[in-house]
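Analysis of the macromolecular model
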Amino acid sequence: MNQKWMRIALFMLLLITPFCLLAQTFTTIESGRYYTAMAKDAANNIYVTRYDQGSDRYQVVKYINGTGVPQVLYGGLQYLHPDYPWGLAVTGNGDVYIAASNLENRVIRLPYNSGSGTYGTAATFLSGKYYSQIATDASNNIYTLEYASATDNYAIVRYPAGSTAGTQLYQGLATDPGYQYPTGLAIAPNGDIYVTDGFDDGTSAPGAVYRFTAASGYTSRTTLSSGRFSSALALDPQGNLYVSEYDGTTYVLNRYNGATGTPVKLRNLLLGSGFYPWGIVALNSQNIYFDTGCDASGGVIV
């Protein structure tokens, strides 16, 4: 990656109480890489997409119980700044889905064999679109943020479990030359969808976080955050929403209690040139994993 030393830290945030930030402990899980996606499985193992300097490609790794030396599951993912593999999701049976960068234009499925605890041969699940994020729900349906060429913007598309025939639920997420793609997507237990919008330098599109309600057939859109260049989000089982977004000085990790209201700042993050904090996983209100992003000097937070 232009011979630049990778100096980004990945953290686990431990909160003492779900609604009051009384005390906190930050543990560095890994540093020295560029990170672009995070996910978890039903057993709370943590999956991360990170840069591998030896191959000059991205790889997907798995941290058993969110700690220790990770297992490399898949490598060779292409990138070309500002396009990265931003999407990562794990279904209930352990299959891993990867939204590759716009250089590959595909979603990859890595099948899991629960009997042997091993992964089979990776195969293309979807192709032919620009996929900027991927998520799954409790029924193992797959959701993507993907480019809608007919309307020149990004759409939310749902694929029933095991099917490649998708249904567009919403289209209209911002994109244009020079924009950061919409890269945040989470599905609530009741089917509501949380998503970040695309953004530019703030001239036309400063970004937002939206909720689309399942009860309305996804026609009802509520703005939860605006003007903060939001780059990643996650929900915890208690219904709190975590967002990486700009506070006017730097990126921060914010928590919206009950996915609404004024956010509580949990931690400063980093901001680089076109490289943002792109990963959050919330196991519960007391255990949140996140990546910090990158600043201009490539500093490390510990």
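Values in this document were obtained by computation on a predicted structure and should not be read as measured data.

Rules used in this analysis
Residues numbered from 1 in each chain as written. Predicted model: local features only at pLDDT ≥ 70, side-chain atom pairs only at ≥ 80, totals over all residues. Heavy atoms only, no water. Helix = DSSP H or I, 4+ residues; strand = E, 2+ residues; numbered from the N terminus. Contact = heavy atoms within 4.5 Å. Areas by Shrake-Rupley, 256 points an atom, 1.4 Å probe, with all protein chains shown as cover. Pairing = 2+ DSSP bridges. Axes fitted to C-alpha atoms, helices over the stretch in contact; angles between N-to-C directions. Salt bridge = Lys/Arg side-chain N within 4 Å of Asp/Glu carboxyl O. Buried < 20%, exposed > 50% of the residue type's maximum accessible area, 1.4 Å probe, protein only. Phe/Tyr/Trp six-rings, centres within 6.5 Å; stacked < 30°, edge-to-face > 60°. Lys NZ or Arg CZ within 6 Å of the ring centre and 35° of its normal. Core = buried A, V, L, I, M, F, W, Y, C linked by side-chain atoms within 4.5 Å. Polar contact = N/O pair within 3.5 Å; in protein donor to acceptor, adjacent residues only side chain to side chain. pLDDT = per-residue confidence, 0-100.

**Describing the overall build of the protein chain**
When helices and strands are counted, the protein chain shows zero helices and 26 strands. Here the analysis covers contacts within the protein chain between residues at least 6 apart in sequence; of these, 43% occur between residues at least 24 apart. Per element, the accessible surface of the protein chain, about 12,000 Å² overall, is 47% carbon and sulfur.

**Looking at the sheet that holds strand β4 (residues 46-52)**
Taken together, the four strands give an open sheet; going across it, the order is β3-β4-β5-β6, and neighbouring strands pair in antiparallel fashion. In this open sheet, the two strands that pair with only one neighbour each are β3 (35-40) and β6 (71-77). Pairwise comparison of adjacent strand axes, ignoring direction, gives a mean angle of 20° for this sheet. Here seven bridges tie β4 to strand β5 (residues 57-63), and the two strands are oriented antiparallel to one another. Bridge pairing in β5 places tyrosine 47 opposite lysine 62.

**Remarks on the pattern of salt bridges**
Counted under the stated rule, the structure contains five salt bridges. The shortest N-O distance in the salt bridge between glutamate 30 and arginine 50 comes to 2.6 Å. Within this pair, whereas glutamate 30 is found in strand β2 (residues 24-31), its partner arginine 50 is found in strand β4, the two being separated by 20 residues in sequence. For the pair glutamate 30 and arginine 50, one class covers both residues: buried. A salt bridge links arginine 106 to glutamate 104, with the nearest nitrogen and oxygen atoms 3.1 Å apart.

**Considerations on the packing of aromatic side chains**
Under the definition given, this model contains 26 aromatic pairs. Taken together, a centroid distance of 6.2 Å and an interplanar angle of 70° make the contact between tyrosine 210 and phenylalanine 212 edge-to-face. The pair formed by tyrosine 210 and phenylalanine 212 is uniform in burial state, with each residue classed as buried. Here the guanidinium or amino end of arginine 221 rests over the ring plane of tyrosine 210, the centre of that ring lying 4.0 Å away. Directly above the ring of phenylalanine 26 sits arginine 267, whose terminal nitrogen or CZ lies 4.2 Å from the centroid.

**Some words on the nonpolar core**
Counting residues in hydrophobic clusters, the biggest one holds 55 residues, and the most contacted among them are Val96, Ile156 and Ile193. Those residues in contact with valine 96 that sit more than four places away from it in its chain are Tyr47, Leu73, Leu88, Ala89, Val90, Ile108, Arg109, Leu110 and Tyr119.

**Section: the environment of aspartate 95**
Mapping aspartate 95 onto the fold places it in the loop between β7 (87-90) and β8 (96-99). Here aspartate 95 falls in the buried class, since its relative accessible area comes to 4%. The spatial distance from the C-alpha of aspartate 95 to the C-alpha of tyrosine 119 is 8.2 Å, given a sequence separation of 24 residues. Discounting chain neighbours no more than four positions away, the residues touching aspartate 95 are Ala89, Val90, Arg109, Leu110, Pro111 and Tyr112. Within polar-contact distance, the side chain of aspartate 95 engages the backbone nitrogen of tyrosine 112 at 2.8 Å.

**Structural notes on the confidence of the model for the protein chain**
Close inspection of predicted coordinates is inappropriate in any region flagged by low pLDDT. In the predicted model, the protein chain carries a mean pLDDT of 90, and the fraction of residues at 70 or more is 89%. Segment residues 2-9 is flagged for pLDDT under 50; beyond a separation of four residues in sequence, or across chains, it makes 33 contacts in the model. Throughout residues 296-302 the model reports pLDDT below 50, and contacts reaching past four residues in sequence, or to other chains, amount to 18 contacts.

**A short note on the environment of alanine 89**
By the element assignment, alanine 89 lies in strand β7. Take alanine 89: its relative accessible area is 4%, and that puts it in the buried class. Along the primary structure alanine 89 and alanine 39 are separated by 50 residues, whereas in three dimensions their C-alpha atoms are 5.5 Å apart. The contact partners of alanine 89, leaving out residues within four places of it in the chain, are Ala39, Asp95, Val96, Tyr97, Ile134, Ala135 and Thr136.

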